[in-house]
There are 2 protein chains.
Amino acid sequence: MPRFFIEQKSLRGHGSIIVIEGADARHIGYSLRMKPGDKLIFCRDGTEYDSTITKISETMVVCDVNKSYPTESEPSIKLTLCQALPKSDKMEQIIQKSTELGAYRIVPFMSERCVIRPNRQGAERKLERYNRIAEEAAKQSGRGIIPEVAPIMSFEDMLAGISSDIRLICYENSGISISEAGIDDKKSVTVIVGAEGGFEQREVDKAKDAGCVPIWLGKRILRCETCPVAVTAVIMNLSGNL
Amino acid sequence: MPRFFIEQKSLRGHGSIIVIEGADARHIGYSLRMKPGDKLIFCRDGTEYDSTITKISETMVVCDVNKSYPTESEPSIKLTLCQALPKSDKMEQIIQKSTELGAYRIVPFMSERCVIRPNRQGAERKLERYNRIAEEAAKQSGRGIIPEVAPIMSFEDMLAGISSDIRLICYENSGISISEAGIDDKKSVTVIVGAEGGFEQREVDKAKDAGCVPIWLGKRILRCETCPVAVTAVIMNLSGNL
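Here goes a summary of the coordinates provided.

Procedures and definitions
Residues numbered from 1 in each chain as written. Chains lettered and ligands numbered in written order. Predicted model: local features only at pLDDT ≥ 70, side-chain atom pairs only at ≥ 80, totals over all residues. Heavy atoms only, no water. Pairing = 2+ DSSP bridges. Helix = DSSP H or I, 4+ residues; strand = E, 2+ residues; numbered from the N terminus. Axes fitted to C-alpha atoms, helices over the stretch in contact; angles between N-to-C directions. Parallel < 35°, antiparallel > 145°, perpendicular 65-115°, else oblique. Left-handed = near helix turned anticlockwise from the far one by under 90°. Contact = heavy atoms within 4.5 Å. Nonpolar A, V, L, I, M, F, W, Y, C, P; charged D, E, K, R; others polar. Least-squares fit on C-alpha atoms with pLDDT ≥ 70 in both. Phe/Tyr/Trp six-rings, centres within 6.5 Å; stacked < 30°, edge-to-face > 60°. Lys NZ or Arg CZ within 6 Å of the ring centre and 35° of its normal. Salt bridge = Lys/Arg side-chain N within 4 Å of Asp/Glu carboxyl O. Buried < 20%, exposed > 50% of the residue type's maximum accessible area, 1.4 Å probe, protein only. Buried area = accessible area lost by both parts, 1.4 Å probe. Polar contact = N/O pair within 3.5 Å; in protein donor to acceptor, adjacent residues only side chain to side chain.

## What about the pairing of strand E6 (residues 60-70) of chain A?
Residues and elements named next belong to chain A.
Here is step 1 of the chain: One ladder, built from five bridges, connects strand E3 (residues 17-21) with E6; its direction is antiparallel. Each bridged residue has a counterpart across the sheet, and for Ile18 the counterpart in E6 is Cys63.
Here is step 2 of the chain: Strand direction decides the pairing type here: strand E5 (residues 47-56) and E6, joined by nine bridges, are antiparallel. Each residue of the ladder has a partner; that of Asp50, found in E6, is Lys67.

In structure tokens:
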């Protein structure tokens, strides 16, 4: 059944009616050729709304909500992925794949070894694109939320913003195994991943001061876009979500 | 230190001398501008050879082997990834990333829902390309072997060729968690992954008859190129290799 994420303003009549306008309305009417009586699922913030179309026009779709319930597909652990900005389209790949695997929030940040340094305008364009990719991936993978991609921030701001139960930083030179990080019974985890070339020692030291534990990722050298996907998959496994 | 995979014929004098010809010799002499006295690591079949250049010409590099020892980077478990042929360049991505993560062998095969169906010539070209990608990824990630990519085979031939201790098939409709598959103390595992759209029930039944256990990959729908990377990462974690 077609599935759409909706904004708060689409929920009317205390959640008994859903009104869709704009691109999604055109998509439902034109592309999917849906008609009154057809069924859809809407999703907002971890809640699913089984709905039936009651009215449809060129610009608006009105639906009755038959049933609402918490999305089953959301992982039990909230994983924040802090990713140093890599080259070319790797950030897009990382956002797409970590969203499928269940990341809750993605924080792009600048580290000393980052090669690309977007200006303000470039950063705004990227952020818009990143959030669009997160939304697409959330739709395709059946997520209950769209992971927020935060604005690109400094290493220090990224560290200051961490509030998870467990805080990890991927560091090739040393660290514990992810299996030893005590993830299984925790509600939230933040994992910090480097761009090409990883981190400077002083960055790792700052992260340690902020309560982050270095983790080891095996004896093979992972590409910077492989590391966050592998870590997300392993954390989802260790927390019983994969 | 530069690191090259070598063929058996490069090992001379019962392993005390290494002779490199062809593209690698040009790479060492021209691109890297190495000279007699410079040190290199050669690698073959899980053994590393610390070597010193003794002679170098336009077409040949001769080295003395100082020390040879088993590569430390090889995982303790031999993972065979059987991957149904996906669309576009996804197979290349899968080979690259599973090689980094430690796959031992990759077997592309045809399943009922495969969209591309290369002819014999196309399949040969693909195989050559796939093996080149495995070699590149093995070099970059510091592997001790180059994972072999087998010729594209039928579903039945793929099943008939499995000899691992543990045999798994990724199936979205049901299955056990990978954590329950008993991977931790095993020497070898084969995991079968579908292309876009997954498997037909009758394919899963045939796989079960061949001793394969269906595994579940969480409540989110993974893209076909994300699934093998996630599974490889989790198996490497469960076997103590990540």
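## Brief notes about the packing of helix H2 (residues 90-101) of chain A against helix H3 (residues 120-141) of chain A
All names here are of chain A.
Here is step 1 of the chain: The interhelical angle for the contact between H2 and H3, taken along N-to-C directions, is 30 degrees, at an axis separation of 8 Å. Classified by the angle between their axes, H2 and H3 sit roughly parallel to one another. For the element pair H2 and H3, the recorded crossing hand is right-handed. Here H2 contributes Met91, Glu92, Ile95, Gln96, Thr99 and Glu100 to the contact with H3, which in turn contributes Arg129, Tyr130, Ile133, Ala134, Ala137, Ala138 and Ser141.
Here is step 2 of the chain: Residues of the contact of H2 with H3, tallied by class, amount to seven nonpolar, three polar and three charged.

## Here we look at the relation of the copies chain A and chain B
Comparison of the two chain copies shows a relationship of rotation about an axis with a shift along it.
Here is step 1 of the chain: Superposing chain A onto chain B takes a rotation of 180 degrees combined with a translation of 0.0 Å along the rotation axis, leaving an RMSD of 0.0 Å. When the rotation and shift are considered jointly, the pair of chain copies conforms to a two-fold rotation axis. Residue Val234 of chain A of chain A places its C-alpha closer to the rotation axis than any other residue of that unit, at 2.6 Å.
Here is step 2 of the chain: Most of the interface of chain A is mirrored in chain B, where 100% of its interface residues are also at the interface.

## A few points about the packing of aromatic side chains
All names here are of chain A.
Here is step 1 of the chain: Counted under the stated rule, the structure contains eight aromatic pairs over all chains.
Here is step 2 of the chain: Each member of the aromatic cluster is reached from another via a ring pair, and the members are Phe109, Phe155 and Phe199.
Here is step 3 of the chain: Lying over the aromatic face of Phe5, Arg3 brings its terminal NZ or CZ to 5.7 Å of the ring centre.

## Concerning the packing of H2 of chain A against helix H6 (residues 226-238) of chain A
Residues and elements named next belong to chain A.
Here is step 1 of the chain: Relative to each other, H2 and H6 sit at 5 degrees, their axes nearing to 9 Å. Relative to H6, H2 is oriented roughly parallel. Across from Ile94, Lys97, Ser98 and Leu101 in H2, the residues of H6 making contact are Pro228, Val229, Thr232, Ala233 and Met236.
Here is step 2 of the chain: Looking at the contact of H2 with H6 residue by residue, the class counts come to six nonpolar, two polar and one charged.

## Looking at the pattern of salt bridges
Here is step 1 of the chain: Throughout the structure, instances matching the rule amount to 30 salt bridges over all chains.
Here is step 2 of the chain: Lys90 of chain A is the partner of Glu196 of chain A in a salt bridge, and the nearest nitrogen-oxygen pair spans 2.9 Å. Here Glu196 of chain A is found in the loop between strand E12 (188-193) and helix H5 (201-209), whereas its partner Lys90 of chain A is found in helix H2, with 106 residues between them in sequence.
Here is step 3 of the chain: By relative accessible area, which is 16% here, Lys90 of chain A ends up buried.
Here is step 4 of the chain: Beyond isolated ion pairs, a larger network of salt bridges with shared partners links Lys97 and Glu100 of chain A together with Arg223 and Glu225 of chain B.

## Re the sheet that holds strand E5 (residues 47-56) of chain B
Residue and element names in this part refer to chain B.
Here is step 1 of the chain: Taken together, six strands build an open sheet; the order of strands is E1-E4-E5-E6-E3-E2 and the sheet is mixed. Every interior strand has two partners, whereas the edge strands, strand E1 (3-5) and strand E2 (11-12), have only one.
Here is step 2 of the chain: As judged from the three bridges shared by E1 and strand E4 (residues 39-44), these two strands associate in the parallel manner. Of the residues in E4, the one forming a bridge with Arg3 is Ile41.
Here is step 3 of the chain: Against the sheet, helix H1 (residues 22-31) touches E1, strand E3 (17-21), E4, E5 and strand E6 (60-70), its axis set at about 95 degrees to E3.

## Details of the interface of chain A and chain B
Here is step 1 of the chain: With 35 residues of chain A at the contact, the number on the chain B side is 35 residues.
Here is step 2 of the chain: Both faces combined, the contact of chain A with chain B buries some 2,900 Å², and carbon together with sulfur accounts for 53% of it.
Here is step 3 of the chain: For chain A, the biggest contributors to the area lost against chain B are Glu100, Arg220 and Leu242 of chain A; these three give 25% of the whole.
Here is step 4 of the chain: The interface formed by chain A and chain B holds four salt bridges in total.
Here is step 5 of the chain: Arg223 of chain A is the salt-bridge partner of Glu100 of chain B, the closest N and O atoms lying 3.4 Å from each other.
Here is step 6 of the chain: On the surface where chain A and chain B come into contact, there are 18 residue pairs in polar contact (both at pLDDT 80 or more).
Here is step 7 of the chain: Of all the secondary-structure elements, those providing two or more residues to the side of chain A that touches chain B are H2, H3 and H6 of chain A.

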